[in-house]
Amino acid sequence: MEPLYTKIFGIIQRFVLLNKLHIVRLLFFTEILLVLFACSGVVAVTQNNLLIPVLALIGKKLGTLSVVLLCFVVIPGIFRRLQCFTIVRVTVMSIRRHLGILMYLTGVIHSLFTYWMPRFIFGPTPLQYFQIFGMVTLSLGFPLFLTSNDFSVKLLKKMWDVLHKGVYIMLFFVSLHLLFLGNGLGIIVFILVIMECVSYLYSTRHHDHTITR
Ligand code: HEM
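Residues numbered from 1 in each chain as written. Predicted model: local features only at pLDDT ≥ 70, side-chain atom pairs only at ≥ 80, totals over all residues. Heavy atoms only, no water.

Trainee: I tried to follow the coordination of the iron atom of the ligand on my own but got confused; where do I start?
Mentor: In ideal tetrahedral geometry, four donors around a metal make angles of 109.5 degrees, whereas ideal octahedral geometry with six donors gives angles of 90 or 180 degrees. Every protein donor of the iron atom of the ligand is listed here as His110 (NE2) and His177 (NE2), and their distances to the metal cover 2.0 to 2.1 Å. Around the iron atom of the ligand, the six donor atoms are arranged such that angles at the metal cover 86 to 180°; this shape is classified as octahedral. One end of the pair, histidine 110, is in helix H5 (residues 96–122); the other, histidine 177, is in helix H9 (residues 166–181), with 67 residues separating them in the sequence. Neither residue differs from the other here; histidine 110 and histidine 177 are each classed as buried. (Donors = N, O, S within 2.8 Å, 3.2 Å for Na, K, Ca; no water. Tetrahedral: all angles 85-135°; square planar, octahedral: opposite > 155°, others 65-115°. Helix = DSSP H or I, 4+ residues; strand = E, 2+ residues; numbered from the N terminus. Buried < 20%, exposed > 50% of the residue type's maximum accessible area, 1.4 Å probe, protein only.)

Trainee: Help me out: how do you make sense of helix H3 (residues 52–82) in this one?
Mentor: Between its first and last C-alpha atoms H3 spans 45 Å; for 31 residues at 1.5 Å apiece the expected length is 45 Å, and the two agree. The largest bend in H3 is about 30°, located at valine 74, with the proline proline 76 one to four residues further on. Taken from the residues just after H3, glutamine 83 is the one with a positive phi, measuring 55°. (Expected span 1.5 Å × (residues − 1). Bend = angle between axes of the 7 residues up to and from the residue.)

Trainee: Got a minute to help me understand the site of the ligand in this structure?
Mentor: Around the ligand sit 19 residues, and of these Lys60, His110, Gly134, His177 and Leu181 come closest. Between the ligand and lysine 60, the relevant distance is 3.2 Å, taken from an oxygen atom to a side-chain nitrogen or oxygen of the residue. Contact distances for the ligand include 2.7 Å between a nitrogen atom and a side-chain N or O atom of histidine 110. Among the secondary structure elements, those contributing two or more residues to the shell around the ligand are H3, H5, helix H6 (129–146) and H9. With six residues, H6 is the largest single contributor of residues to the shell around the ligand. Within the shell around the ligand, the residues separate by chemical class into seven nonpolar, 11 polar and one charged. (Near = heavy atom within 4 Å. Polar contact = N/O pair within 3.5 Å; in protein donor to acceptor, adjacent residues only side chain to side chain. Nonpolar A, V, L, I, M, F, W, Y, C, P; charged D, E, K, R; others polar.)

In structure tokens form, the structure reads like this:
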């Protein structure tokens, strides 16, 4: 008998594939809204400093959302290499690039609201390790963010695949960001880093040459 998860993901997959254009448009619209929200947040805080704690709270939630999206972005690759949960992989793959863009934007706005805005208003404080790891993550993500589009895929060809493997290094630095913060999510992300390494070893033994785009 067909396992329950296959049935559920079958329905989700059909929905995603049938409505891919609408979903991509919705994600694009969300990206625009996020940027506008970040801009209005910055303007509002410069007008009224009392809003800083509210923005910091929203910023923290966006950090958590960014981690969840990052997990969605890397899990298909791990499943592909381990040759399991094909249906989950195919479903996420079709919108993966947009999830990556959203992950980066939420990460940037998170750092803006929790770190840059308070420093800008109240002045600098000594940089902590977890903040350095967060900054490394966003720096690594920048070229990926810029090249998460059809034009770059066509232009860079094989180089695109190599460049976008950088997401796994991002994953490692996010785990450090969270572990140094003492946040429990760090353990989950670190487990994903280990699964990532295991899946690589497994795939090199099984000669996996599938394209990841
Ligand atoms: C994609 C990159 C990043 C991700 C996924 C991320 C994720 C997170 C998460 C999940 C939290 C915990 C939120 C909570 O307690 O509810 C957090 C906290 C925080 N992050 Fe990030 N972060 C990233 C980059 C950065 C950067 C670049 C900075 C700035 C230098 C930064 C500064 C902070 C600060 C200040 C906190 C709050 C610490 C506290 O609880 O006082 N993060 N981050």
